[in-house]
Amino acid sequence: MYNTKHCVVFNANQEIKRRTSGAYRFANQLEGLGWHVTVVDWVDDWPEHDLVEYLDAIVSDETVMFAWSYTWMKPWWAGYAIKQIKERYPGRKHIAGGQQYFQHDIGLDAMLYGYAEVAVPHVLNWLFDGGPKPKGKDILGGLFVDCNTDYTAMNLGDYGIEYRDDDYLMDHELLTVELSRGCKFQCKYCNYAFLGIKEDTSTEVALLRAELIDNYERFGTTNYIIADDTFNDRESKLEMLGDVVQSLPFEPNFACFIRLDLTVAKPKQLKLLSRARVWNHFYGVETFDNKAGKAVSKGMPSERIKQGLMDIRKHFMTELGLYRGSLGMIAGLPYETPESWQESEDWLQANWSDQNWQWWPLEISLDTNTATTSIFSREWKKHGYRQITDEARINEINKKYDRTHGGVQHKFDDNSLFWDADWADIGQATDFVYEVNHAYHHNNIKKLPSFHMLNHFPFHTPQEALELTVRYDDDNNAGSEHQHATIIQPYIKSKLKGVSRITDLLKSGAGPMLLGQVRTSTQRELRNDKLWHKLNCPSCS
């Protein structure tokens, strides 16, 4: 099913410098549909002259589309980049996809929100083969497709990624692996897709093992983030990963989202997690206030949660000598006062300073383009929240926490509710979070967060890595010389070297026929080809 269409996929993680997976999953699907695909990662970090040199080498008349992996991109940056690309390479289609809200006209022909594998063939058929227009809305200068609602891609059975040689992975990089989709639970503040899912959507054991083995043998990869919204919602999944890990010829390390109260209620999960070497945990604790916990469907008493944290830490340090537990805390949940937030902060400083926690003010989005919004976002008035309309108050709040430019849960939201309630308002929540995050303890005592730990793990002994602080992470993470030297610069140099012959031919004035022969990509068979053929729409060519 090979054709001559070529797509360039741009990826950029503008929060932390690790290779995120969406661009590569999309590239695999296009390859499975017969396209030739080139991924350009960390595109926002390329020197402009290097990026132009690389794109001039790979873009040809067969390049009909530029795609943007949008989840971790800043909208204002993406809009500027798309404008520049259109000026240099006119006449191509531009699409974007990801988990971030689309709220601006940034020059896109199609916007795919959410898990897009089922929607992609329909959109491509419409854009390039005269097919029917997919379900969606004509907004923001293009077609907006809410994939989670109209083209649900949940129980696929295969969520793997097969990287290309010209992706130039390095052995110290942290990759993403996905074992399942959806979450059994439905917390009222959560705006993730596919909540309250009862069916098992897990991948197949053989596929998971093949992916881990392939990445290790080709690139030396041993460290992963598990993308599942809640990894421990099914013990069968923990057992599956443990079986795979025990069969591997190397020791992997995993970080993931863990539902803490579930692990506390089922302590046998601890052994399953340590057996699978899942020792980097992020817990959405949100609150130690019992009344607030019940209001958001988290009813386990706080004292039991606190004891559970102590028990989990002890278990992993005894079993593996490795553990990092990061807590997510929310200021602003129903009934909880600023005094209660401070009591929680005091307890954490006294009992959890060898680990990590992060506070966020409660965010309630008023976005209406997508159905993937939290219960609070849909029913905020019912939960006692009121809207602040005083512009002076809003401007004051934004001085410390700019929702438009700072991003919230990797989403940049221009339609966020500035709320007031009997127990607090978002200004108080913002002030509290700002003060905590700028305090000496946060930066100099608190240790690395779980999802950042494995970025630094290959460069330190395990004991050294466990002692690294948030300050070290701030000094050596996004935008730092360390990250540029160890990941971004080697990647850019490898990408440029890979097209050096084409660049030399361009400089010598070679014609399109010779350039086309050099640019021709060898089609490869993918492990997940069967999935992509299955998802292709009946009317798609």
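Residues numbered from 1 in each chain as written. Predicted model: local features only at pLDDT ≥ 70, side-chain atom pairs only at ≥ 80, totals over all residues. Heavy atoms only, no water.

Draft legend 1. Seen up close, the overall build of the protein. Broken down by element type, the protein carries 24 helices and 15 strands. For a compact globule of 541 residues, the expected C-alpha radius of gyration is about 24 Å, and the protein comes in at 24 Å, within 12% of that figure. The C-alpha extent of the protein, read off along each of the three principal axes, is 70 × 55 × 45 Å. Across the protein, the fraction of contacts at a sequence separation of at least 24, relative to all contacts at a separation of at least 6, is 77%. (Helix = DSSP H or I, 4+ residues; strand = E, 2+ residues; numbered from the N terminus. Rg over C-alpha atoms; globule rule 2.2 N^0.38 Å. Contact = heavy atoms within 4.5 Å.)

Draft legend 2. Inspection of the side chain of N253 at higher detail. When you line up the elements, N253 lands in strand 10 (residues 253-258). Judged by relative accessible area, N253 falls into the buried class, the value being 5%. A polar contact is formed between the side chain of N253 and the side chain of N223, at a distance of 2.9 Å. When residues no more than four places from it in sequence are discounted, the contact partners of N253 are T222, N223, Y224, R277, W279, L322, L454 and F457. (Buried < 20%, exposed > 50% of the residue type's maximum accessible area, 1.4 Å probe, protein only. Polar contact = N/O pair within 3.5 Å; in protein donor to acceptor, adjacent residues only side chain to side chain.)

Draft legend 3. Local environment of the sheet that holds strand 10. The 6 strands are arranged 8-9-10-11-12-13 in an open sheet whose pairing can be described as parallel. Strands with a single pairing partner mark the edges of an open sheet, and in this sheet they are strand 8 (174-177) and strand 13 (356-361). Along the sheet, successive strands turn relative to each other by an average axial angle of 20 degrees, direction set aside. The strands touched by helix 12 (residues 338-351) are strand 12 (324-331) and strand 13; relative to strand 13, the strand with the most contacts, the crossing angle is about 165 degrees. (Pairing = 2+ DSSP bridges. Axes fitted to C-alpha atoms, helices over the stretch in contact; angles between N-to-C directions.)

Draft legend 4. How the structure looks around the side chain of E235. Tracing the sequence through the fold places E235 in helix 7 (residues 235-247). In this structure, E235 is in contact with K266, K268, Q269 and L272, ignoring residues within four places of it in sequence.

Draft legend 5. Representation of the packing of aromatic side chains within the structure. Scanning the model with the defined rule gives 27 aromatic pairs in all. For the pair F10 and W68, a centre-to-centre distance of 4.5 Å together with 40 degrees between the ring planes defines the contact as tilted. Within this pair, whereas F10 is found in strand 1 (residues 6-11), its partner W68 is found in strand 3 (residues 63-69), the two being separated by 58 residues in sequence. With relative accessibility at 1%, the residue F10 sits in the buried group. Accessibility expressed as a relative area gives 3% for W68, which makes it buried. Relative to F250, the ring of Y216 has its centre 4.1 Å away and its plane inclined at 15 degrees; by these criteria the two rings are stacked. Separated by 34 residues along the polypeptide, Y216 in helix 6 (residues 205-219) and F250 in the loop between helix 7 and strand 10 bring together distant segments of the chain. When its relative accessible area of 30% is taken as the criterion, Y216 is described as partly exposed. Residue class for F250 comes out buried when judged on its relative accessible area of 9%. The structure contains a cluster of three or more aromatic residues connected by ring pairs, namely F10, F66, W68, W77 and Y89. (Phe/Tyr/Trp six-rings, centres within 6.5 Å; stacked < 30°, edge-to-face > 60°.)

Draft legend 6. Local environment of the sheet that holds strand 6 (residues 137-139). Strand order in the open sheet formed by 7 strands is 2-1-3-4-5-7-6, with mixed pairing between adjacent strands. Strand pairing shows two members of the sheet lacking a second neighbour, strand 2 (36-40) and strand 6, which therefore form its edges. Strand after strand, the sheet turns through a mean of 25 degrees between neighbouring axes, direction not considered. Examined bridge by bridge, strand 1 and strand 2 share 5 bridges and lie parallel to one another.

Draft legend 7. Molecular detail of the nonpolar core. Counting 121 residues, the largest nonpolar core has F231, L241 and L327 as its most contacted members. Sequence-distant contacts of F231, defined by excluding residues within four places in its chain, comprise L179, I226, K237, L238, L241, C256, F257, I258, L273 and V278. With 41 residues, the next largest nonpolar core counts L55, W68, M73 and I492 among its residues. (Core = buried A, V, L, I, M, F, W, Y, C linked by side-chain atoms within 4.5 Å.)

Honestly, it's all geometry; don't read function into it.
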